[in-house]
Amino acid sequence: MMMAVAAVRLRGSEAFFIGSQIQRCQMKIMGMILPSLLSCNHSNSISSSSSSSSSSSSSRYKHKNDDASSSFRNIDVALASFNQMLHRKPLPCIIQFNQLLSAIVKMRQYYDAVISLSKQMELAGLSPNTCTLNILINCFCQLQRIDLGFSVLAKGIKLGLQPTIVTFTTLINGLGKVGKFSQAVELFDDMVARGCQPDDYTYTTIINGLCKIGETALAAGLFKKMEEAGCQLNVVTYSTLIHSLCKYRRVNEALDIFSYMKAKDISPTIFTYTSLIQGLCNFSRWKEASALLNEMTSLNIMPNVVTFNVLVDTFCKEGKVLAAEGVLKTMTEMGVEPDVVTYNSLMYGYSMWTEVVEARKLFDVMITKGCKPDVFSYSILINGYCKAKRIDEAKQLFNEMIHQGSTPNNVSYNTLIHGLCQLGRLREAQDLFKNMHTNGNLPNLYTYAILLDGFCKQGYLGKALRLFRAMQSTYLKPNLVMYNILVNAMCKSGNLKDARELFSELFVIGLQPNVQIYTTIINGLCKEGLLDEALEAFRNMEDDGCPPDEFSYNVIIRGFLQHKDESRAVHLIGEMRDRGFIADAGTTAW
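To keep things clear, this report deals only with the structure shown in the data block. (Residues numbered from 1 in each chain as written. Predicted model: local features only at pLDDT ≥ 70, side-chain atom pairs only at ≥ 80, totals over all residues. Heavy atoms only, no water.)

1. Regarding the nonpolar core
Here is step 1 of the chain: Of all hydrophobic cores here, the largest spans 172 residues; its most connected members are Leu346, Leu416, Ile417, Ile522, Ile556 and Ile557.
Here is step 2 of the chain: In contact with Ile556, other than residues within four places in its own chain, are Ile522, Cys526, Ala534, Leu535, Phe538 and Leu572. (Core = buried A, V, L, I, M, F, W, Y, C linked by side-chain atoms within 4.5 Å. Buried < 20%, exposed > 50% of the residue type's maximum accessible area, 1.4 Å probe, protein only. Contact = heavy atoms within 4.5 Å.)

What follows is the structure in structure tokens.
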């Protein structure tokens, strides 16, 4: 289906968009919203005149050639006018009703009212036209009920109404609103196959949808088709594609599009430049990013807080905290106020290098400047304290966060629980774990893995296993990381029997063992002198689709050498070298 977009071709004679196709699309719809694609004054929809204010004393609907209903700004006035129209004999034509519905839609909050009014129109014997169809579909899309939008389309087709580009574009945008980009692409294909020529708005909408699901190649192909079809490519279309290409690390292609865009005399916006600067920074292409920044300012397009945040964040992730500080200084000198994202990025940079004192200073500066910390600000600083083993200050900050009205999330809890476990303060970690439940934060797999690891490292295997079994009775299912933590701890404590049982459990529940857990159990078997069983497990790795790595070979070879089985060890060393692996010092020492 997706490949059909890249090969779009107009086939006017093939009108095969039939009811079954609509039902097929309709079955796939669910809800969520993005900005409205279709305003009701689209060229193929409802015409509207310039709006003018009207007092309540002159609010009656008047039968005029101009669209008086477009002046409504009060829902009560609009409803009163609708009732007057509905009781007029003879009834006004459907166009006048559409104009009134359109005026209500423009208020951007009374979509339910428009749907209700349309039902009253139908009961009064008014036959809807395509404009009515488009208004209703738009309302359902705004209400996240794209399924009902498709029902309206199906009903319209049964009534003999012909859907237009506006109809399809509204539905395509509605599908995008609810995150159903694949279905939006499918509908686009059906529209084209039906011979309905997409306009630049439709193309831009579907390109945006393709970009959001990572189909940048298809988006680029459709971009070319759009140009071939004679559509006017605007800065939004170009910038959407450039942003997506940069996001998916195809920055060279984005730069080509950028050059082509400028050659067409289409002026880039700050969004265009920011996307490219971020794409270049992700590849540490600092000179090119700097050149774009200079080009941008030379065109009097001044960097905004988003642009500066890109630079601060990238520098911090690269460990270039001093450079990030320089960016912060520059933005304040230019009169651009840092926001919470700016401060969070820089605090993260400090925390990475355990400079928690500097991170705390910045945190305090942020508050002084009137920038309220969010849950990420607190979590970053809590992590910094934990890394510096200043756990009591981390706990104090955690409590301060709650006192200031910020609700801790799983990251906040997991960070502090991990810090407590690292210092062996398991009772406090357990208390915090219980506190999560009390406050409505459901622990995730990472929370359980942290506690399991903490218990195992402190030798509390019984507690670890009980927690593991308790987790299995919840909505969460254990992953390989957890199994490996337990199997490793059991092997180290000499409890090979339980380790083997737990390892066998993987196959029962359908979890595919990975190289790490195979190597763990092989190491345990070797330590107990069960070399035949260890070799059998080693050979099973290949059969299970996870061939042994360099570490696996070194583990089993050391096991054979420790138990004086030099012949099999030598054979494995040769096999290991044939695969391009290198024996480590512990193996070659024998």
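2. Description of the packing of helix α13 (residues 251-263) against helix α14 (residues 270-282)
Here is step 1 of the chain: Viewed as axis vectors pointing N to C, α13 and α14 meet at an angle of 150°, and their least axial separation amounts to 10 Å. Here α14 runs roughly antiparallel to α13, going by the angle between their axes. In terms of crossing hand, the pair formed by α13 and α14 is left-handed. In this structure, α13 contributes Val251, Ala254, Leu255, Phe258 and Met261 to the contact, and α14 contributes Thr272, Tyr273, Leu276, Gly279 and Leu280.
Here is step 2 of the chain: Class assignment of the residues belonging to the contact of α13 with α14 gives a composition of eight nonpolar, two polar and no charged. (Axes fitted to C-alpha atoms, helices over the stretch in contact; angles between N-to-C directions. Helix = DSSP H or I, 4+ residues; strand = E, 2+ residues; numbered from the N terminus. Parallel < 35°, antiparallel > 145°, perpendicular 65-115°, else oblique. Left-handed = near helix turned anticlockwise from the far one by under 90°. Nonpolar A, V, L, I, M, F, W, Y, C, P; charged D, E, K, R; others polar.)

3. Some details on the side chain of Thr274
Here is step 1 of the chain: On the secondary structure map, Thr274 appears in helix α14.
Here is step 2 of the chain: A distance of 2.8 Å separates a polar atom in the side chain of Thr274 from a polar atom in the side chain of Thr307.
Here is step 3 of the chain: Setting aside residues no more than four positions away along its own chain, Thr274 makes contact with Val306, Thr307 and Val310. (Polar contact = N/O pair within 3.5 Å; in protein donor to acceptor, adjacent residues only side chain to side chain.)

4. Here we look at helix α3 (residues 75-86)
Because the α-helix completes a turn every 3.6 residues, residues three or four places apart line up on one side.
Here is step 1 of the chain: A rise of 1.5 Å per residue sets the reference length of α3, with its 12 residues, at 16 Å; its end C-alpha atoms lie 16 Å apart and thus fit the reference within 8%.
Here is step 2 of the chain: Residues Ile75, Ala78, Ser81, Phe82, Met85 and Leu86 constitute the buried set of α3. The arc that holds the buried residues of α3, viewed along the axis, is 135°, so those residues lie on one side.
Here is step 3 of the chain: Structurally, α3 contributes buried residues whose contacts are with α4 (94-105) and α5 (111-123). (Expected span 1.5 Å × (residues − 1). Arc of directions from axis to C-beta.)

5. Some thoughts on the packing of aromatic side chains
Here is step 1 of the chain: Throughout the structure, instances matching the rule amount to 13 aromatic pairs.
Here is step 2 of the chain: On the numbers, 5.6 Å between centres and 75° between planes, the contact of Phe82 with Phe97 is edge-to-face. Residue Phe82 is located in helix α3, and its partner Phe97 is located in helix α4; the two are separated by 15 residues in the primary sequence.
Here is step 3 of the chain: Residue Phe82 is classed as buried on the basis of its relative accessible area, which comes to 0%. (Phe/Tyr/Trp six-rings, centres within 6.5 Å; stacked < 30°, edge-to-face > 60°.)

6. Considerations on helix α30 (residues 550-562)
Here is step 1 of the chain: Here α30 spans 18 Å end to end across 13 residues, near enough to the 18 Å set by a 1.5 Å rise per residue.
Here is step 2 of the chain: When we look at burial in α30, the residues that qualify are Ser552, Tyr553, Asn554, Val555, Ile556, Ile557, Gly559, Phe560 and Leu561.
Here is step 3 of the chain: At the N-terminal end of α30, a side-chain oxygen is found 3.2 Å from the backbone nitrogen of Phe551, two or three residues along, and the residue is Asp549.
Here is step 4 of the chain: Looking one or two residues beyond α30, the residue adopting positive phi is Lys564, at roughly 60°.

7. Let's talk about the pattern of salt bridges
Here is step 1 of the chain: The final tally for this structure, using the stated rule, is 21 salt bridges.
Here is step 2 of the chain: Here Glu295 ties to Lys262 by a salt bridge, and the two come within 3.1 Å at their closest N and O atoms. Here Glu295, found in helix α15 (residues 286-298), pairs with Lys262, found in helix α13; they are 33 residues apart in sequence, far enough to count as distant.
Here is step 3 of the chain: Assessed through its relative accessible area of 23%, Glu295 is described here as partly exposed.
Here is step 4 of the chain: Residue Glu393 pairs with Arg390 through a salt bridge whose shortest N-O separation is 2.6 Å.
Here is step 5 of the chain: For Glu393, a relative accessible area of 30% gives the class partly exposed.
Here is step 6 of the chain: Among the ionic contacts, a cluster of salt bridges with common partners joins Asp392, Lys395, Arg425 and Glu428. (Salt bridge = Lys/Arg side-chain N within 4 Å of Asp/Glu carboxyl O.)

8. Quick notes on the packing of helix α7 (residues 146-158) against helix α8 (residues 165-177)
Here is step 1 of the chain: Close contact between α7 and α8 brings their axes to 10 Å; oriented N to C, the two are set at 160°. Accordingly, the angle class assigned to the pair α7 and α8 is roughly antiparallel. The interaxial crossing formed by α7 with α8 has left-handed handedness. Mapping the contact onto sequence places Ile146, Gly149, Phe150 and Leu153 in α7 and Thr167, Leu171, Gly174 and Leu175 in α8.
Here is step 2 of the chain: For the contact of α7 with α8, the per-class residue count stands at five nonpolar, three polar and no charged.

9. With respect to the environment of Gly319
Here is step 1 of the chain: With respect to the helices and strands, Gly319 occurs in the loop between α16 (305-317) and α17 (321-333).
Here is step 2 of the chain: Here Gly319 falls in the partly exposed class, since its relative accessible area comes to 23%.

10. What about the environment of Val192?
Here is step 1 of the chain: Counting through the fold element by element, Val192 comes out in helix α9 (residues 181-193).
Here is step 2 of the chain: We classify Val192 as buried; its relative accessible area is 2%.

11. Brief notes about unusual backbone geometry
Here is step 1 of the chain: Omega for the bond connecting Lys89 with Pro90 falls within 30 degrees of zero, at -5°, which places this linkage in the cis form.
Here is step 2 of the chain: Inspection of the secondary structure puts Pro90 in the loop between α3 and α4.
Here is step 3 of the chain: Residue Asp265 is not a glycine yet carries a positive backbone phi of 60°.
Here is step 4 of the chain: As for its placement among the helices and strands, Asp265 is situated in the loop between α13 and α14.
Here is step 5 of the chain: At Ser284, a position not held by glycine, the phi torsion is positive, near 55°.
Here is step 6 of the chain: Mapped onto the elements, Ser284 comes out in the loop between α14 and α15.

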